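Understanding the architecture of this molecule
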Amino acid sequence: KPENGTLSSAYWNVTTFGPDVEVYATIAVVGPFRLYFRVQQAGTSGVDGYIVLAYPPTSEIYVYRLDNGSQTQLGAAFSQTISTGGSFGVAMVGSTISVYYKTAAGSWTLLGTRTDSTYSAAGHIGIASFDTTGSRLDNFGGGTIVAANVVTPDAATLTLSSFAPQLKTQV
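Residues numbered from 1 in each chain as written. Predicted model: local features only at pLDDT ≥ 70, side-chain atom pairs only at ≥ 80, totals over all residues. Heavy atoms only, no water.

Before going further, it helps to examine the overall build of the protein. Each helix and strand in the protein was counted, giving one helix and 13 strands. Along its sequence from the N terminus, the protein presents helices and strands in the succession β-β-β-β-β-β-β-β-β-β-β-β-α-β. Split into buried and exposed, the 171 residues of the protein put 48% on the buried side. Of the contacts made within the protein by residues no fewer than 6 positions apart, 57% connect residues no fewer than 24 positions apart. Taken as a whole, the protein presents about 7,700 Å² of accessible surface, with 52% of it coming from carbon and sulfur. (Helix = DSSP H or I, 4+ residues; strand = E, 2+ residues; numbered from the N terminus. Buried < 20%, exposed > 50% of the residue type's maximum accessible area, 1.4 Å probe, protein only. Contact = heavy atoms within 4.5 Å. Areas by Shrake-Rupley, 256 points an atom, 1.4 Å probe, with all protein chains shown as cover.)

Next up on the list: the pairing of strand S9 (residues 96-102). Two faces, one strand: in a regular strand the side chains alternate between the faces of the sheet. Burial runs high along S9: six of the seven residues are buried. Sheet analysis places strand S8 (residues 87-93) next to S9, joined by seven bridges and oriented antiparallel. Along S9, the bridge assignment pairs Val93 with Thr96. Hairpin connection, S8 to S9: the antiparallel pair is bridged by two residues, and Gly94 has positive phi, about 65°. Pairing between S9 and strand S10 (residues 109-115): six bridges, direction antiparallel. Each residue of the ladder has a partner; that of Ile97, found in S10, is Arg114. In textbook terms, the turn of a hairpin is the stretch between consecutive antiparallel strands, and for S9 and S10 this stretch comprises six residues. (Pairing = 2+ DSSP bridges.)

When you line up the elements, Gly123 lands in the loop between S10 and strand S11 (124-130). For Gly123, a relative accessible area of 0% gives the class buried. Spatially, the C-alpha atoms of Gly123 and Asp20 are 9.7 Å apart, while their sequence positions differ by 103 residues.

For the rest of this paragraph, the subject is the nonpolar core. Formed by 26 residues in total, the largest nonpolar core has its most connected members in Leu35, Phe37, Ile61, Phe88, Ile97 and Val99. Here this core takes four residues from strand S2 (residues 21-29), the largest share from any one element. Those residues in contact with Phe37, other than ones at most four positions away along the chain, are Val21, Val23, Gly49, Tyr50, Ile51, Val52, Val90, Met92, Ile97, His124 and Ile125. Val39, Ile51, Leu53 and Leu66 belong to the second largest nonpolar core, which has ten residues in total. (Core = buried A, V, L, I, M, F, W, Y, C linked by side-chain atoms within 4.5 Å.)

Moving on to the environment of Phe37. Positionally, Phe37 belongs in strand S3 (residues 33-40). On the basis of relative accessibility, which here comes to 1%, the residue Phe37 falls in the buried class. Measuring from C-alpha to C-alpha, the distance between Phe37 and Ile125 comes to 4.4 Å, with 88 residues separating the pair along the chain.

Taken as a whole and judged by the stated rule, the model has three salt bridges. One salt bridge in this structure joins Arg38 and Asp20, with 3.8 Å as the shortest N-O distance. A residue pair is termed long-range when its members are at least 10 positions apart, and Arg38 in strand S3 and Asp20 in the loop between strand S1 (7-11) and S2 qualify at 18 residues. Owing to a relative accessible area of 26%, Asp20 belongs among the partly exposed residues under this scheme. Two residues, Asp67 and Arg65, come together in a salt bridge whose shortest N-O distance is 2.9 Å. (Salt bridge = Lys/Arg side-chain N within 4 Å of Asp/Glu carboxyl O.)

Turning next to the side chain of Lys102. Within the secondary structure, Lys102 sits in strand S9. Sequence-distant contacts of Lys102, defined by excluding residues within four places in its chain, comprise Gly86, Ser87, Ser107 and Trp108.

Don't take any of this as a statement about function, it's just geometry.
This is how it looks when you write it as structure tokens:
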């Protein structure tokens, strides 16, 4: 998918998370952005892992696998209107990638899932936005999913990391 502007990206390089992992951010300024997860060789041209790309001009959300820096689209795009104050989240448990969106005043909604088992190890998480006047992200976070099927997350995880109510996380 074509993205306008210069890509600025960052990844959590202190540790890796996963292999079951989540990553999320709030949209401060609407524009194209990426969420990265299970990333290997971060910061190099040989990067491997997964990306969710939000492309607000067309309301399209794409899921990609990165193989040595090359993108392979996984399935069709999801459709979602993106607005300021909304949040995006991704969880990858086993080989299932689940993509979520939350409006500023709403609750988390599953947009859809994709399946891919190419990269199954723990990796880095990261974000990217495009140019200085385009997208801006806030409240970036994520981590290893430490327990599944938790219906009510505890208060510490409710505000940031429990974008999917069935997941409990560590940030």
